[in-house]
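In case you want the letters, here they are:
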Amino acid sequence: MAEAISVSGLISGTDRTLTFETGKLALQSQGAVVAKIGKTTVLATANAAKGVRDGIDFFPLTVDVEERAYAAGKIPGSFFRREGRPSQQAILTCRLTDRPLRPAFPDGYRNETQVVITVIGADQTNPHDVLAINAASASFMISGIPFDGPIGAVRLAYSQEGNWIAHPTFEEGEESTFELVVAGRELDNGDVAVMMVEAGGTEKSFSYYEAGAPKVNEEVIASGLEACKPFIKESIKLQRQLVASVIATRGAIEPLKYTPVLDYTEELFAAVEAAATTKLQPAIRIALKSDRNEAIDAATTATLAELAEKFPAQEKQIKEAVRSLTKKLVRKRVVDEGIRIDGRGPADLRPVSAEVGLISTAHGTGLFQRGETQVLNVLTMAMPKMNQMIDSITPETSKRYMHDYNMAPWANGETGRVGTPKRREIGHGALAERALFPVVPSQEKFAYTLRLVSEVLSSNGSTSMASVCASSLSLMDAGVPIVAPVAGIAMGLIFDQGKYTALTDILGAEDAFGDMDFKVAGTADAVTALQLDTKIEGIPSDVLAKALQQAKEARLKILGVMNAAINAPRATVNESAPKIVTFTIPLDKVGEVIGPKGKVINTIQQETGAEINVSDDGATGIITIGSPDNSKVEDAKARILAIVDPPTAELGAVYTGRVVNTAAFGAFVNILPGRDGLVHISKLGNGQRVARVEDVLNIGDEVQVRVDDIDDRGKVSLSLIGPDGEVIKGSAGGSSGDGERGPRPERNDRPRSNDRPRSNDRGGRNDRNDRPRSNDRNDRPRNDRNDRPRSNDRSTPSDAVSVSFEEEFDRDLRNDQ
């Protein structure tokens, strides 16, 4: 087996080491690198086709992440016990890896290229997503595929003390207020060009803020983008060491030969520029997207007709040249005149509107519109049992706050495939979810499971940030007590003629034609999510600081519009939403509430119509009850509390109860919530002997009973009340109608046949301990059971003896064993 080439480096400020290794695994791959932090291990393999596929007019880069269950010592939970479609986390890691890698390939390179990251070790301590970016870059570096790398990446966590922690563990991330993932490359001057940022607050961010942790604002984020650079350099340095080691061991890395594919020649572009500039100038000044696109299409058609003779069979190239010319003209107008496509200035916001309560059957709705971008968000609330279960290789096992994003082709006035969400939809939904999650109350404070769905109804720039605003509206409309409303804004940047121009609230075309896509979401005083992608070699810190401040000003204006629609969460949840209460009970009472095989809790659910969930945290039981009808919730809650702390039965009182169980010696009747009593079999015959309890009573029967006795342990002895309202008399061998139990022979000695001898003489009997008994229970004599004569007369004698219900009950239990 081949010997591995390995390089390692200590991550500054931590006790962890970053390792790159190659030469041992995946030997036929053009580039294969195993990367490790702690025991978390990924295998990155990079490969490219030898030529260009016919008809390709874009760079076909594919990034795939394969999460193997064995990495975490698990077997997949699916029916087939095998990994299936990528998880949401895997898809987000694909996007996180793709974004900084894609700009690092040269213009004109169109060979089909793929990098596959296989997670083969997950130690449940160190995340694998940032490690995947570094491993993918390293695999390209040793593959020979044209790649302007290395690319380094790091995750920073902002601690409650206000410090940035590099490559935090899962636990350190949860205990922080904000997490920042940054990828970049090193410039010739030693600085780091930031190429990608993905950031967001944590679940407990605002709880930590309330406890005194510093809030994460625009200035803190700017400091984080500077703090990340040394760690990015460490990864880049290590990747270069790996390349040097490979060259030293194997010789020079053979570069992949490729033929650059140009969309058009310089000659053709010059001809298009001369022919189309005057046609495009008025078109790029039209504000409405559909009208503008129609005018640009007309200009393109006219240019094609004009140049068809000079450049035959080059229609596709002419169209690409027209598109490039349009981009050039739009950028020049912004930089030279400070006027954008729709006539706005660089910092101007499009008209904004907000509305709530659109769908009466929904639990919460919010409609947000900014220019031609329109998003409807609908919130559904449910019981905690509807939390999403996650079968992953990370410590995350469930989610109670979910956000899904949908955008159909008709949102752009187009036709196309609908159905399963694509990576873009999943990424946009996750960004909006991350923006709102820090302000959502914990499930301990607000028991509901929350699912939000953003439906993009019209698209022209930053539908993800519109989804953030619409989500905030629907949460408040539903009565979810969020900490504060959240708004989002998309920023752009144009760098031309040595001048940086930041654009607020970019259009779709400005996104395509610009050099940066920068999305910021947050409350009035804190940032909750951020996403940044650049196409240039870095942004000066002062330019970035200005863009962040410009974004905050726009965010505050949007929050003002949203507050005009609804300025705070509603006091109560929507009438169509389930009403949920949560309370705790002693842990040892959980079994009583559930009952054997769930009998008790199922009965309560059936009789009240409420939905009940029982769980525990190891110390106390947690009861959650939900129903659209609040009276049903209160009814179910009262019944459960009665089981936990049952009411006391009154001696001599008559109750209507239900038979809940039967035994050989009697029937158990529930007379009060959580309180059962026993009707002994001897009290069921009304003067006749009863062979089986089921001959008289069955489970579920509703009966009236009288409380005859309550012993010192709370056991209740009952007598049955007949239809006439009188107590049913006991059998001759049983007890009297007034509930006092007469003497009876020992179970082992009394005859079993129907013709056993009886006698009218119910003489006294001696106690087992020969203690005398009398009618006052202390001194009356009685005969031993074996000497007691029997009588056919089943009537109760005047000297009937009352015995302890507790003693009789315990004796019957022993004899039935």
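Look a little higher up for the structure.
Computed from a predicted structure; not experimentally measured.

Caption draft 1: Region of the structure containing the overall build of the protein. Each helix and strand counted, the protein has 17 helices and 29 strands in total. A burial count over the protein gives 51% of its 817 residues as buried. Taking the intrachain contacts of the protein between residues at least 6 apart in sequence as the baseline, contacts between residues at least 24 apart amount to 69%. Accessible surface for the protein amounts to roughly 37,200 Å². Of this, 49% is attributable to carbon and sulfur atoms.

Caption draft 2: Structural view of the nonpolar core. Met381, Leu450, Leu475 and Phe518 are the most contacted members of the largest nonpolar core, which totals 146 residues. Two domains each donate at least three residues to this core, and these are domain 1 (3-248) and domain 3 (350-563). Setting aside residues up to four positions removed in sequence, Met381 forms contacts with His363, Phe446, Tyr448, Thr449, Leu450, Ala478, Val480, Val573, Ala577 and Pro578. One finds Ala275, Leu280, Val330 and Phe513 within the second-largest nonpolar core, a separate group that totals 23 residues.

Caption draft 3: Layout of the environment of Thr463. Relative to the assigned elements, Thr463 resides in helix H11 (residues 463-478). Residue classification places Thr463 among the buried residues on the basis of a relative accessible area of 3%. Measuring from C-alpha to C-alpha, the distance between Thr463 and Tyr405 comes to 9.4 Å, with 58 residues separating the pair along the chain. Excluding its chain neighbours within four sequence positions, the residues that come into contact with Thr463 are Thr373, Val375, Tyr405, Met407, Arg424, His428, Val456 and Ser458.

Caption draft 4: A look at the packing of helix H10 (residues 423-436) against H11. The geometry of H10 relative to H11 is characterised by a closest axis approach of 9 Å and an angle of 45° between their N-to-C directions. By the criterion of interaxial angle, the relationship of H10 to H11 is oblique. The handedness of the crossing between H10 and H11 is right-handed. Taking contact as the criterion, the partners of Arg424, His428, Leu431, Ala432, Ala435 and Leu436 in H10 are, on H11, Thr463, Ser464, Met465, Ser467, Val468, Ser471, Ser472 and Leu475. Residues of the contact of H10 with H11, tallied by class, amount to seven nonpolar, six polar and one charged.

Caption draft 5: Broad picture of the environment of Val716. With respect to the secondary-structure elements, Val716 resides in strand S29 (residues 716-721). With 66 residues separating them in the primary sequence, Val716 and Glu650 have C-alpha atoms 9.7 Å apart.

Caption draft 6: Quick peek at the sheet that holds strand S2 (residues 17-22). Read from one edge of the open sheet, six strands run S1-S2-S3-S4-S6-S5, paired in mixed fashion. In this open sheet, the two strands that pair with only one neighbour each are strand S1 (5-10) and strand S5 (61-67). Ignoring strand direction, the axes of neighbouring strands in this sheet form an average angle of 15°. Of the pairings in the sheet, the one linking strand S3 (residues 31-37) to strand S4 (residues 40-48) comprises seven bridges and is antiparallel in character. Bridge pairing in S4 places Ala35 opposite Val42.

Caption draft 7: How the structure looks around helix H6 (residues 229-250). In this model H6 runs 31 Å from its N-terminal to its C-terminal C-alpha over 22 residues, within 8% of the 32 Å that 1.5 Å per residue would give. Taken residue by residue, H6 has Lys229, Phe231, Ile232, Ser235, Ile236, Leu238, Gln239, Leu242, Val243 and Val246 as its buried positions. Looking one or two residues past H6, Gly251 carries a phi angle of roughly 100°, positive in sign.

Caption draft 8: Quick peek at the pattern of salt bridges. Summed over the entire model, instances satisfying the criterion amount to 44 salt bridges. Here Asp263 and Arg110 are joined by a salt bridge, their closest N and O atoms 3.1 Å apart. Here Asp263, found in the loop between H6 and helix H7 (266-283), pairs with Arg110, found in the loop between helix H1 (88-101) and strand S6 (113-121); they are 153 residues apart in sequence, far enough to count as distant. For Asp263, a relative accessible area of 28% puts it in the partly exposed group. Taking relative accessible area as the criterion, Arg110 reaches 9% and is therefore assigned buried. The salt bridge involving Lys215 is made with Asp525; its shortest N-O contact spans 2.6 Å. Here Lys215, found in the loop between helix H4 (205-210) and helix H5 (218-227), pairs with Asp525, found in the loop between strand S20 (516-522) and strand S21 (527-534); they are 310 residues apart in sequence, far enough to count as distant.

Caption draft 9: Inspection of helix H13 (residues 541-565) at higher detail. With 25 residues, H13 should reach 36 Å at 1.5 Å per residue; the first-to-last C-alpha distance of 36 Å fits that figure. Every buried residue belonging to H13 is among Val543, Leu544, Ala547, Leu548, Gln550, Ala551, Ala554, Arg555, Ile558, Leu559 and Met562, and all of these are buried.

Caption draft 10: Up close: the sheet that holds S29. Spatially, the five strands close up into a barrel ordered S25-S26-S27-S29-S28, and their pairing is mixed. Going from strand to strand, the sheet's axes swing by 55° on average, the running direction of each strand aside. Across two bridges, the pairing between strand S27 (residues 675-680) and S29 is parallel. Note that in S29 the partner of Val679 across the bridge is Leu718.

Caption draft 11: The arrangement of the packing of aromatic side chains in detail. Applying the stated criterion across every chain yields a total of 15 aromatic pairs. Their ring planes at 10° and their centres at 6.0 Å tell us that Phe105 and Tyr109 sit as a pair that is stacked. Given a relative accessible area of 1%, Tyr109 falls into the buried group. Note on Tyr401 and Phe437: the rings are 5.9 Å apart at their centroids and 15° apart in plane angle, and the pair reads as stacked. Placement of Tyr401 in strand S16 (residues 401-407) and of Phe437 in the loop between H10 and strand S17 (449-458) is noted, with a sequence separation of 36 residues between them. The exposure class assigned to Tyr401 is buried, which follows from its relative accessible area of 2%. Taken together through their ring pairs, the aromatic side chains of Phe59, Phe105, Tyr109, Phe140, Phe147 and Tyr258 make up a single cluster.

Parameters and conventions
Residues numbered from 1 in each chain as written. Predicted model: local features only at pLDDT ≥ 70, side-chain atom pairs only at ≥ 80, totals over all residues. Heavy atoms only, no water. Helix = DSSP H or I, 4+ residues; strand = E, 2+ residues; numbered from the N terminus. Buried < 20%, exposed > 50% of the residue type's maximum accessible area, 1.4 Å probe, protein only. Contact = heavy atoms within 4.5 Å. Areas by Shrake-Rupley, 256 points an atom, 1.4 Å probe, with all protein chains shown as cover. Core = buried A, V, L, I, M, F, W, Y, C linked by side-chain atoms within 4.5 Å. Domains from an automatic or database assignment. Axes fitted to C-alpha atoms, helices over the stretch in contact; angles between N-to-C directions. Parallel < 35°, antiparallel > 145°, perpendicular 65-115°, else oblique. Left-handed = near helix turned anticlockwise from the far one by under 90°. Nonpolar A, V, L, I, M, F, W, Y, C, P; charged D, E, K, R; others polar. Pairing = 2+ DSSP bridges. Expected span 1.5 Å × (residues − 1). Salt bridge = Lys/Arg side-chain N within 4 Å of Asp/Glu carboxyl O. Phe/Tyr/Trp six-rings, centres within 6.5 Å; stacked < 30°, edge-to-face > 60°.

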